[in-house]
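Understanding the architecture of this molecule
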Amino acid sequence: MKKIILTGLTAAILFSCSSPKSDTAENATTTEMTAVQQEAQTFLDEYSTTYQDLYTKSAEAEWASNTKIVEGDSTNAMATRRANEAYAAFTGSVENIEQARKFLEQKEQLTPIQVKQFEAILYAAANNPQTVPDVVKARIKAETEQTEKLYGYDFKLNGKSVTTNDIDNILKTENDVKKRLAAWNASKEVGPGLKTGLLNLRDLRNKTVQSLGYDDYFTYQASDYGMTRAEMMDMMEQINKELLPLYRELHTYARYELAKKYGEKQVPDYLPAHWLPNRWGQDWSPMVEVKGIDLDGVLKTKGDKWLVEQAERFYVSLGFDKLPESFYTKSSLYPLPPNAGYKKNNHASAWHMDLDKDVRCLMSVEPNAEWYETTHHELGHIYYYITYTNPDVPVLLRGGANRAYHEAIGSLMGLAAMQKPFLAELQLIDKNTQTDEVQTLLKEALSYVTFIPFAAGVMSEWEHDFYAKNLPADQLNKRWWELAKKYQGMVPPTARGENYLDAATKTHINDDAAQYYDYAMSYVILFQLHDHIAKNILKQNPHATNYYGNKEVGKFLHDIMYPGASADWRKMLKDKTGEELSARAMVAYFQPLMDYLKEQNKGRKYTM
Ligand code: X8Z
Ligand code: ZN
């Protein structure tokens, strides 16, 4: 999850990312500017100063709210509400909206980067319009309460408090189906208490953005890509379609293999949700152990601190700076001790506190393979923040080329950090170990490919229906499981009525709403980037790369991140990879697995 950086990317005018210096905020103040441009710049400079200040105050308050949740004490929540109200009052002020609109009416006379900043101002305004101040205030209140409920929740298993890390570990390793079921059920207990709040948030989020002319909140979020709601859903359908042949094979394979593993004679047509090693069935990779690679085992001996420092070392090896000291002193990186007396948000996130040098992570790192990947992912956000914090990128455009790019960089590094030559370089495995390439690829597919139906299918379509179609309150869970069956081929262990709200157990449904397609798109992009890096920079097999220490790879990533949201994301992809956004590279990467899976699945029943 990323903090509330708001960037409007609907500009038709392209910004050349190969020569970012030509249009800098600094240069913009030179005498070469026309009178209109100077007037615009004066406004932008003043706006940006206040914006940065209020953004920072909001981030600080949110940080406190997310890192220290004390039952019955709403001090942090109150402070967050106040800070977010001040931020909203400014970004959504009628005067700012009018000014931005006025300047955009003469956009031909402005520089491209000025246009982008005015669009960013309007985009931010639409989330907080002071034309409907009461709606915005109510939304802020509801958001803060929802976060507290979600992360203040005390998960219980067999009457004992457990963390989500505990639940995840059971789902990853337990062979006793009854124990799995208990853990899965425990993980869904947080849902019902979030229902009223989520329904309220739906109405408030929709009403907020409707005030500035968006149809609904989903449409608003999609517009950040310069896309309509329908275009976004078409793109998701396309991605799902391209990966379906492989997913069908994985699905069939998993049903039969898991039935064997759990000693079930009858192979089910659809995967029972509690059979999978993840609370939402979004990542199945723990199902497979590759002989010779015991990442969980070796990471345990290294310890949690090593994971974070190693991820940093990887980025540094590519030529990025070391993390600022403040990253380590101000972040919240590890689980709280059980006797802490308070809770924290247990979902990993990266924060750009002041849109400048203060960058932090909120994580609960444990020394295992999942957190190893997540740590690389989060540091991707951090290095993105650090890289676009430069004099050429104005404060208002300190965001990703789009949100999916922001997600892609760290996930790409996570993928690279798992490949065998890299693991051998780090001595996490013996370099002479013979490993089975097909099993390795299978493990990767169980992570990256199985994610697509969840992200591009279930999450995106459910939120689409929730916001754009006003899904009725008595059909929320029904729709969730319909979609899980349709896209993931997954069913709940027992009937799940509307007394549950299983969608709301997913963080993003509550606090990163209507944006989950970012992740689906980010996987597609990451394989495009990886394909290019492996073939054209490293000249290595994409299945067995070692990015470590390669400054050219570092420069490639640096150049993508440097212009932040001042870049046009489509042009960036074309310039950097020669391709439009496409699942081609992802499909090609896993192609060698198809023959193996078809062979394994011979004679088995396909149900998708
Ligand atoms: O939420 C995240 C990151 C933070 S941006 C840990 N991810 C998605 C998820 O956990 O559902 C990364 C991949 C998918
Ligand atoms: Zn992320």
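Residues numbered from 1 in each chain as written. Chains lettered and ligands numbered in written order. Predicted model: local features only at pLDDT ≥ 70, side-chain atom pairs only at ≥ 80, totals over all residues. Heavy atoms only, no water.

Another point: the pairing of strand β5 (residues 359-362). Residues Val359 and Cys361 of β5 are buried on one face, and the alternating residues Arg360 and Leu362, pointing to the opposite face, are buried as well. Of the pairings in the sheet, the one linking strand β4 (residues 349-352) to β5 comprises 4 bridges and is antiparallel in character. The partner of Ala350 across the bridge, within β5, is Cys361. Between β4 and β5, which follow one another and run antiparallel, lie 6 residues, and Leu355 among them has a positive phi close to 55 degrees. (Buried < 20%, exposed > 50% of the residue type's maximum accessible area, 1.4 Å probe, protein only. Helix = DSSP H or I, 4+ residues; strand = E, 2+ residues; numbered from the N terminus. Pairing = 2+ DSSP bridges.)

Attention now goes to the pattern of salt bridges. Throughout the structure, instances matching the rule amount to 36 salt bridges. Put simply, Arg279 and Asp168 hold a salt bridge, and the shortest N to O gap is 2.8 Å. Note that Arg279 is positioned in the loop between β3 (271-272) and α12 (295-302) and Asp168 in helix α7 (residues 164-173), a separation of 111 residues in sequence. The partner of Glu461 in a salt bridge is Arg479, with the nearest N and O atoms 3.0 Å apart. Residue Glu461 is located in helix α19 (residues 451-468), and its partner Arg479 is located in helix α20 (residues 476-488); the two are separated by 18 residues in the primary sequence. Each member of the pair Glu461 and Arg479 is classed as buried. Connected through shared salt-bridge partners, Glu461, Asp465, Lys478, Arg479 and Glu482 make up one network. (Salt bridge = Lys/Arg side-chain N within 4 Å of Asp/Glu carboxyl O.)

The next thing to look at is the UniProt feature "binding site: Zn(2+) 1" (unreviewed entry) in the chain. In this structure's numbering, the residues bearing the UniProt feature "binding site: Zn(2+) 1" (unreviewed entry) are His377, His381 and Glu407. Taken together, the annotated residues stretch across 31 residues yet fold into one region, lying no more than 7.5 Å apart by C-alpha. Within the secondary structure, His381 is located in helix α15 (residues 369-388). Sequence-distant contacts of His381, defined by excluding residues within four places in its chain, comprise Ala350, His406 and Glu407. Residue position: Glu407 is located in helix α16 (residues 403-416). When its relative accessible area of 0% is taken as the criterion, Glu407 is described as buried. (UniProt positions renumbered as here; feature names shortened; annotations may be inferred. Contact = heavy atoms within 4.5 Å.)

In this section: the coordination of the zinc ion (ligand 2). Within the protein, the zinc ion (ligand 2) binds to His377 (NE2), His381 (NE2) and Glu407 (OE); these donor distances fall in the range 2.0 Å. Taken together, the 4 donor atoms coordinating the zinc ion (ligand 2) span angles of 92 to 127 degrees at the metal, a pattern that classifies the geometry as tetrahedral. Linear spacing of the donor residues for the zinc ion (ligand 2) on their chain is H-x3-H-x25-E. Within this pair, whereas His377 is found in helix α15, its partner Glu407 is found in helix α16, the two being separated by 30 residues in sequence. The same class applies to His377 and to Glu407, which are both buried. (Donors = N, O, S within 2.8 Å, 3.2 Å for Na, K, Ca; no water. Tetrahedral: all angles 85-135°; square planar, octahedral: opposite > 155°, others 65-115°.)

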